[in-house]
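Fold and contact review
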Amino acid sequence: MKLDLLKTLNEERAARRATIVVTDVTTGTQRLVKGADVAADPLKDVLQEAIRTAKSGMVETQDGKVFLTVYVPSPRLVITGAVHISQALAPMAAMLGYDVVIVDPRTAFASIERFPDVKIIAEWPDEALPPLNVDKYTAFVALTHDPKIDDPALQHALARDCFYIGALGSRKTHARRVTRLTEGGLSEASVARIHAPIGLPIGAISPAEIALAILGEITQRLRQKPEAAK
Amino acid sequence: MLARDEDILTAAEEWSKAGRGVALATVVETWGSAPRPVGSNLVIDREGNFLGSVSGGCVEGAVVTEAIDVIESGKSKMLEFGVADDTAWKVGLSCGGTIRVFVEKVG
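Read on for an overview of the structure.

**Remarks on the packing of helix α3 (residues 84-95) of chain A against helix α8 (residues 207-223) of chain A**
All names here are of chain A. Packing of α3 against α8 brings their axes to within 8 Å, and their N-to-C directions diverge by 50°. On the basis of their axis angle, the class for α3 and α8 is oblique. Along this stretch, α3 crosses α8, giving a crossing that reads as right-handed. Contacts between α3 and α8 pair H84, I85, A88, L89, M92 and A93 from the former with P207, A208, I210, A211, L212, I214 and L215 from the latter. By residue class, the composition of the contact of α3 with α8 is twelve nonpolar, one polar and no charged.

Dropping the structure here:
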């Protein structure tokens with residue numbers, strides 16, 4: 001791999017843009033196709049499919065077999081609520097390879113002392129979330145238990161195609177949330193995207209266990225085909 | 001800290017810029033059960049330092065040895081590993097799968 005190509009690849013990945021490296025494994029020749037240039041590429045069809053499925057692999061082309069290394073942005077976790085669970089969730093998610101961002105307007109919660117090494121935005125969701133460009137590679141959780149903060153955050157997430165949306169709260173709390181959100185104009189189908197009660201049902205009690213249950217559910221949503229997940 | 005995919009490629013770039021002599025190994029095909037999916041990367045330098053993985057640790061040693069050769073010659077190689085046996089390679093995958101690994105020089 002030429003150093004220039006590797007440098008461009010790393011730049012594209014840092015900017016969270018899908019990129020494909022096309023390698024002729026017989027000759028070793030290689031080229032990089034940026035996500036934005038796929039539509040104009042001679043291999044457009046296979047490249048689009050590769051980005052859609054995020055799967056690398058060998059493909060047959062007119063000029064023989066080539067290997068596609070597909071790089072899609074690493075998953076990101078946006079956490080609303082700098083709460084106790086988040087103190088376990090953020091480092092665990094980072095270890096699983098997520099870029100983690102925490103949003104909480106309450107500065108007493110959103111402090112560096114409580115969250116070393118995590119990107120924290122101490123703003124209201126309306127201000128903090130739009131610049132994050134929440135995308136389909138993003139998992140989104142609302143953990144404050146406070147409708148003033150969680151509701152606008154969830155409304156923002158539901159307007160986007162993030163692959164997972166979860167909200168903390170009991171069935172009762174969630175039922176009230178569903179009522180508020182639908183009365184606020186969201187469709188039932190849209191609100192049904194929220195995983196609540198949040199996390200896999202593993203009997204989690206401590207904040208770290210709840211974080212584990214949440215990450216288990218997010219991983220399931222990310223990796224299992226929809227019909228395989230409950 | 002665990003090596004993420006970006007870290008591996010960032011390391012490849014940094015190591016190469018630092019003149020360490022670098023190769024990149026990529027899993028290009030798998031048959032049967034294989035521990036790491038197609039597209040997984042391992043970066044290796046001339047001294048045999050490496051980051052990432054192409055298997056569960058079963059064949060990394062052999063890939064590193066081949067990679068050092070690729071760094072010296074500049075010629076890319078395709079390696080294939082099957083079930084552990086005495087033929088072809090002295091190492092193999094205990095899980096019973098087969099993998100092909102493309103090794104190329106960086107820079």
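**Side note on unusual backbone geometry**
Residues and elements named next belong to chain A. That bond from A196 to P197 is cis: its omega, -5°, falls within 30 degrees of zero. Non-glycine residue R16 carries a positive phi angle of around 55°. Along the chain, R16 falls in the loop between α1 (3-14) and β1 (19-23). Since its relative accessible area comes to 19%, R16 is described here as buried. Located in the positive-phi region is H145, a residue other than glycine, with phi close to 70°.

**Topic: α8 of chain A**
Residue and element names in this part refer to chain A. Under the 1.5 Å per step criterion, the end-to-end length of α8 is 24 Å for 17 residues, consistent within 8% with the ideal 24 Å. Residues of α8 that are buried include every one of I210, A211, A213, I214, L215, E217 and I218, and no others. Packed against the buried residues of α8 are β5 (76-80), α3, β8 (138-142), β9 (164-167) and β10 (194-195).

**Notes on the sheet that holds β10 of chain A**
Residues and elements named next belong to chain A. If you trace the six strands from one edge of the open sheet to the other, you get β7-β6-β5-β8-β9-β10, paired in parallel fashion. The two strands at the open ends of the sheet, each matched to only one other strand, are β7 (119-121) and β10. Across two bridges, the pairing between β9 and β10 is parallel. When the bridges of β10 are listed, G166 appears paired with H195.

**Observations regarding the interface of chain B and chain A**
Every contact between the two is made by 26 residues of chain B and, on the other side, 25 residues of chain A. A buried area of about 1900 Å², summed over both sides, lies between chain B and chain A, and 61% of it is on carbon and sulfur atoms. Summed over the three residues of chain B that lose the most area to chain A, namely R4, L9 and E13 of chain B, the buried surface amounts to 26% of that side. Put simply, chain B and chain A have one salt bridge between them. In this structure, K65 of chain A and E29 of chain B form a salt bridge, with 3.7 Å as the shortest nitrogen-oxygen distance. Among the elements of the structure, α1 (5-17), β1 (22-31) and β5 (98-106) of chain B are those that each provide at least two residues to the side of chain B that touches chain A. The residue makeup of the side of chain B that touches chain A, split by class, is eleven nonpolar, seven polar and eight charged.

**A closer look at the packing of aromatic side chains**
Following the criterion strictly, the structure yields zero aromatic pairs over all chains and no others. Lying over the aromatic face of F109 of chain A, R106 of chain A brings its terminal NZ or CZ to 3.9 Å of the ring centre. For the cation-ring pair, R20 of chain B lies above W15 of chain B, with the distance from its terminal atom to the ring centre recorded as 4.2 Å.

Calculation notes
- Residues numbered from 1 in each chain as written.
- Chains lettered and ligands numbered in written order.
- Predicted model: local features only at pLDDT ≥ 70, side-chain atom pairs only at ≥ 80, totals over all residues.
- Heavy atoms only, no water.
- Axes fitted to C-alpha atoms, helices over the stretch in contact; angles between N-to-C directions.
- Helix = DSSP H or I, 4+ residues; strand = E, 2+ residues; numbered from the N terminus.
- Parallel < 35°, antiparallel > 145°, perpendicular 65-115°, else oblique.
- Left-handed = near helix turned anticlockwise from the far one by under 90°.
- Contact = heavy atoms within 4.5 Å.
- Nonpolar A, V, L, I, M, F, W, Y, C, P; charged D, E, K, R; others polar.
- Buried < 20%, exposed > 50% of the residue type's maximum accessible area, 1.4 Å probe, protein only.
- Expected span 1.5 Å × (residues − 1).
- Pairing = 2+ DSSP bridges.
- Buried area = accessible area lost by both parts, 1.4 Å probe.
- Salt bridge = Lys/Arg side-chain N within 4 Å of Asp/Glu carboxyl O.
- Phe/Tyr/Trp six-rings, centres within 6.5 Å; stacked < 30°, edge-to-face > 60°.
- Lys NZ or Arg CZ within 6 Å of the ring centre and 35° of its normal.

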